Amino acid sequence: MVRFSNIAMLLIALLLLFIISTKIANARVSLNNNSCDWFAGSWVKNESYPLYEAATCPFIEREFSCQKNGRPDLIYTHYKWQPTGCSLQSFNGRDFLEKLKGKSIMFVGDSLSRNQWQSLTCMLHSSVPHANYNISRVGDISTFTFSDYGVKVMLDRNVYLVDIVSENIGRVLKLQSIEESKHWLGIDMLVFNTWHWWNRRGSSQPFDYFEDENKLYKDMDRVVAFEKALTTWGRWVDSNIDPSKTKIFFQGISPSHYNGTLWGEPKAKTCAGQMEPVAGTTYPGGLPSAVAVLKAALSKITKPVTLLDITNLSLLRKDGHPSMFGFGAMDCSHWCLPGVPDTWNEILYNYIL
């Protein structure tokens, strides 16, 4: 009886060991599957791109509608982002809408947020071309509603995330005030962005003073101000977001291309005439300093925030800007549609699978 009992105990121990080993192995597989860096890779030609034709997306705004504005080359639309060592799931707009059925997604930020918002609405509309939709705007908030799915794809134009307040002294950018965040409450998925406007000065700067810790300054270090605004926003996330109800993303730093020296063409002073991406996986000029500031700020937030780390893959696309085929002035900051922001949204889609 004792011998039988020992054998039974040995068998039970072996069974438990097998179960534990299996769970560990499965955990390792899961970890490996989720450890792929979607933001490290290169651009490869792929004739299945673009994901939609500009003509099938009638609501593309003029500044992003490069083909309609006369851009003669289409090579830039036929590139696919290929991560190193893995692949992104192909974008499926119908599946995206099904997963977000009855929910809302809001992009919050400057014109580069609008670039990504317009990209996503085009990607979804081309996937379900016969689905009913409606576009409305109230104040700074634009809403593209896919009524058949109850999905709202929204844009809140808020270039600094923190508040600009008109006072007797003038317009004040308050680095510790974020009252406009009231518009973000109750949204199921939020995609934030800021940086593009922080170095604006003179007539293009939409405020007169900075306010930092209740003190007014006519000017201050713009990177320091950027960091303080991100800190204020991060505190708002920690105080107001329930991760079980709302997913938070940050778009990352979208780069410009006004200095050919940074990509190995010293004679190029703009992106004009660029028809191909930078070859390889690394941008010769390195990353903008704002990237490190952003990552440091995000690391201090206790609630989960996913960084869409699109800087390097976008740096490689010196060919993707409107140049003179936007508003007419040279534009090497925004992106043609279809184009690079479609890849940002493909990656966003992979995060919600």
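Residues numbered from 1 in each chain as written. Predicted model: local features only at pLDDT ≥ 70, side-chain atom pairs only at ≥ 80, totals over all residues. Heavy atoms only, no water.

**Q** Honestly, the sheet that holds strand 6 (residues 151-157) in this entry has me stumped. Any pointers?
**A** Working definition: the strands of a sheet are paired by backbone hydrogen bonds and lie parallel or antiparallel to each other. Taken together, the 7 strands give an open sheet; going across it, the order is 4-5-6-3-9-12-13, and neighbouring strands pair in mixed fashion. Edge positions in the open sheet fall to strand 4 (133-138) and strand 13 (306-307), since each of these has one partner strand only. Looking at chain direction, strand 9 (residues 189-192) and strand 12 (residues 247-250) are connected through 4 bridges and run parallel. Counterpart to phenylalanine 192 in the pairing with strand 12 is phenylalanine 250. In the packing of helix 3 (residues 111-127) onto the sheet, the strands contacted are strand 3 (104-109), strand 4, strand 5 (141-146), strand 6 and strand 9, and the crossing angle to strand 6 comes to about 165°. (Pairing = 2+ DSSP bridges. Helix = DSSP H or I, 4+ residues; strand = E, 2+ residues; numbered from the N terminus. Contact = heavy atoms within 4.5 Å. Axes fitted to C-alpha atoms, helices over the stretch in contact; angles between N-to-C directions.)

**Q** Help me understand the packing of aromatic side chains in this model?
**A** Each aromatic ring pair is specified by the distance between its two centres and by the angle formed by the two planes. Taken as a whole, this structure holds 21 aromatic pairs when the rule is applied. Plain terms: the ring middles of tyrosine 160 and tryptophan 198 are 4.9 Å apart, the flat faces sit at 80° to each other, and that makes the pair edge-to-face. You can see tyrosine 160 sitting in the loop between strand 6 and strand 7 (163-167) and its partner tryptophan 198 sitting in the loop between strand 9 and strand 10 (209-212), a full 38 residues away along the chain. Its relative accessible area of 1% is what places tyrosine 160 among the buried residues. Over the ring of tyrosine 209 we find lysine 218, and its NZ or CZ is 4.5 Å from the ring centre. Here arginine 317 stacks its cationic end above the ring of tryptophan 43, 4.6 Å away from the centre of that ring. (Phe/Tyr/Trp six-rings, centres within 6.5 Å; stacked < 30°, edge-to-face > 60°. Buried < 20%, exposed > 50% of the residue type's maximum accessible area, 1.4 Å probe, protein only. Lys NZ or Arg CZ within 6 Å of the ring centre and 35° of its normal.)

**Q** What is the right way to read the environment of lysine 218 from this model?
**A** By the element assignment, lysine 218 lies in the loop between strand 11 (215-217) and helix 4 (222-240). Assessed through its relative accessible area of 56%, lysine 218 is described here as exposed. Beyond its immediate stretch of four places on either side in the chain, lysine 218 contacts Asp208, Tyr209 and Phe210. Polar contacts involving the side chain of lysine 218 include one to the main-chain carbonyl oxygen of aspartate 208, which spans 3.4 Å. (Polar contact = N/O pair within 3.5 Å; in protein donor to acceptor, adjacent residues only side chain to side chain.)

**Q** What should I look at first to understand the sheet that holds strand 11 in this one?
**A** Reading across the sheet, the 4 strands line up as 7-8-10-11 and stay open at both edges, with mixed pairing between neighbours. Edge positions in the sheet fall to strand 7 and strand 11, since each has one partner strand and no second. Going from strand to strand, the sheet's axes swing by 35° on average, the running direction of each strand aside. Sheet topology note: the strand 10/strand 11 ladder contains 3 bridges and is antiparallel. Bridge pairing in strand 11 places aspartate 212 opposite lysine 215.

**Q** Hey, could you run me through the side chain of aspartate 331 in this one?
**A** When you line up the elements, aspartate 331 lands in the loop between helix 6 (311-315) and helix 7 (340-352). Buried within the structure, aspartate 331 lacks any salt-bridge partner; its nearest side chain of opposite charge belongs to arginine 114, at an N-O separation of 8.2 Å. The contact partners of aspartate 331, leaving out residues within four places of it in the chain, are Tyr258, Cys271, His321, Pro322 and Ser323. (Lys, Arg positive; Asp, Glu negative; His and termini not counted. Salt bridge = Lys/Arg side-chain N within 4 Å of Asp/Glu carboxyl O.)

**Q** Would you mind going over helix 4 with me for this structure?
**A** Taking 1.5 Å of rise per residue, 19 residues should cover 27 Å, and helix 4 covers 27 Å from first to last C-alpha, within 8% of that figure. Residues of helix 4 that are buried: Arg222, Ala225, Phe226, Ala229, Leu230, Thr232, Trp233, Gly234, Trp236 and Val237. Looking at the buried residues of helix 4, the elements they touch are strand 9, strand 10, strand 12 and helix 5 (289-299). Here helix 4 starts with a cap whose side-chain oxygen sits 2.9 Å from the backbone nitrogen of valine 223, and that cap is aspartate 221. (Expected span 1.5 Å × (residues − 1).)

**Q** Whenever I open this one, the pairing of strand 2 (residues 79-83) confuses me. Can you help?
**A** Going residue by residue along strand 2, you find Tyr79, Trp81 and Pro83 tucked away on one face and Lys80 and Gln82 left uncovered on the opposite face. Judged from the 5 bridges that link them, strand 1 (residues 41-45) and strand 2 form a sheet pairing that is antiparallel. If you follow tryptophan 43 over to strand 2, its bridge partner there is tryptophan 81.

**Q** Sorry, what's going on with helix 3 here?
**A** An α-helical turn contains 3.6 residues, so any two residues separated by three or four positions project in the same direction. For helix 3, built from 17 residues, the straight-helix expectation of 24 Å at 1.5 Å per residue is met to within 8% by its first-to-last C-alpha distance of 24 Å. Among the 17 residues that make up helix 3, 15 are buried, leaving the element largely enclosed by the rest of the structure. Between the side-chain oxygen at the start of helix 3 and the backbone nitrogen of leucine 112 there is a gap of 2.9 Å, and the oxygen is on aspartate 110.

**Q** Can you walk me through the confidence of the model for the protein chain in this structure?
**A** Averaged over every residue, the pLDDT of the protein chain is 92; residues scoring 70 or more account for 90%. Every residue in residues 13-33 scores below 50 in pLDDT, and together they form 0 contacts with partners more than four places removed in sequence or on other chains. (pLDDT = per-residue confidence, 0-100.)

**Q** What should I look at first to understand a nonpolar patch on the surface in this one?
**A** On the surface, Tyr258, Met324 and Met330 cluster together to form a nonpolar patch covering roughly 250 Å² of accessible area. Take methionine 324: it is sitting in the loop between helix 6 and helix 7. A relative accessible area of 37% places methionine 324 in the partly exposed class. (Patch = residues over 30% accessible without salt bridge, like charges linked within 9 Å, V, L, I, M, F, W, Y side chains within 5 Å. Areas by Shrake-Rupley, 256 points an atom, 1.4 Å probe, with all protein chains shown as cover.)

**Q** Would you explain the nonpolar core in this entry?
**A** Nonpolar side chains tend toward joint burial in soluble globular proteins. If you look at the biggest cluster of nonpolar residues, it comprises 53 residues, and the most contacted ones within it are Ile105, Phe107, Phe146 and Val153. Leu161, Ile178, Trp195 and Val291 belong to the second-largest nonpolar core, a separate cluster that totals 40 residues. (Core = buried A, V, L, I, M, F, W, Y, C linked by side-chain atoms within 4.5 Å.)

**Q** Explain the side chain of asparagine 350 here, please?
**A** One can find asparagine 350 in helix 7. Beyond its immediate stretch of four places on either side in the chain, asparagine 350 contacts Trp38, Leu88 and Gln89.

**Q** Explain the state of the cysteines to me, please; I cannot follow it from the model alone.
**A** Simply put, disulfide is the name for a covalent bond between the sulfur atoms of two cysteines. One pass over the full model with this rule turns up 4 disulfides. In this model cysteine 36 forms its disulfide with cysteine 86; the gap between the sulfur atoms is 1.6 Å. Residue cysteine 36 is found in the loop between helix 1 (2-34) and strand 1, and its partner cysteine 86 is found in the loop between strand 2 and helix 2 (93-99); the two are separated by 50 residues along the sequence. The exposure class assigned to cysteine 36 is partly exposed, which follows from its relative accessible area of 21%. Residue pairing for cysteine 66: its cysteine sulfur links by disulfide to cysteine 336, the two sulfurs lying 2.0 Å apart. Residues cysteine 66 and cysteine 336 are joined through a disulfide that is left-handed, its torsion about the S-S bond being -95°. A residue pair is termed long-range when its members are at least 10 positions apart, and cysteine 66 in the loop between strand 1 and strand 2 and cysteine 336 in the loop between helix 6 and helix 7 qualify at 270 residues. Regarding the disulfides, the protein chain carries the connectivity 1-4, 2-5, 3-8, 6-7 under sequence-order numbering of its bonded cysteines. (Disulfide = S-S within 2.5 Å.)

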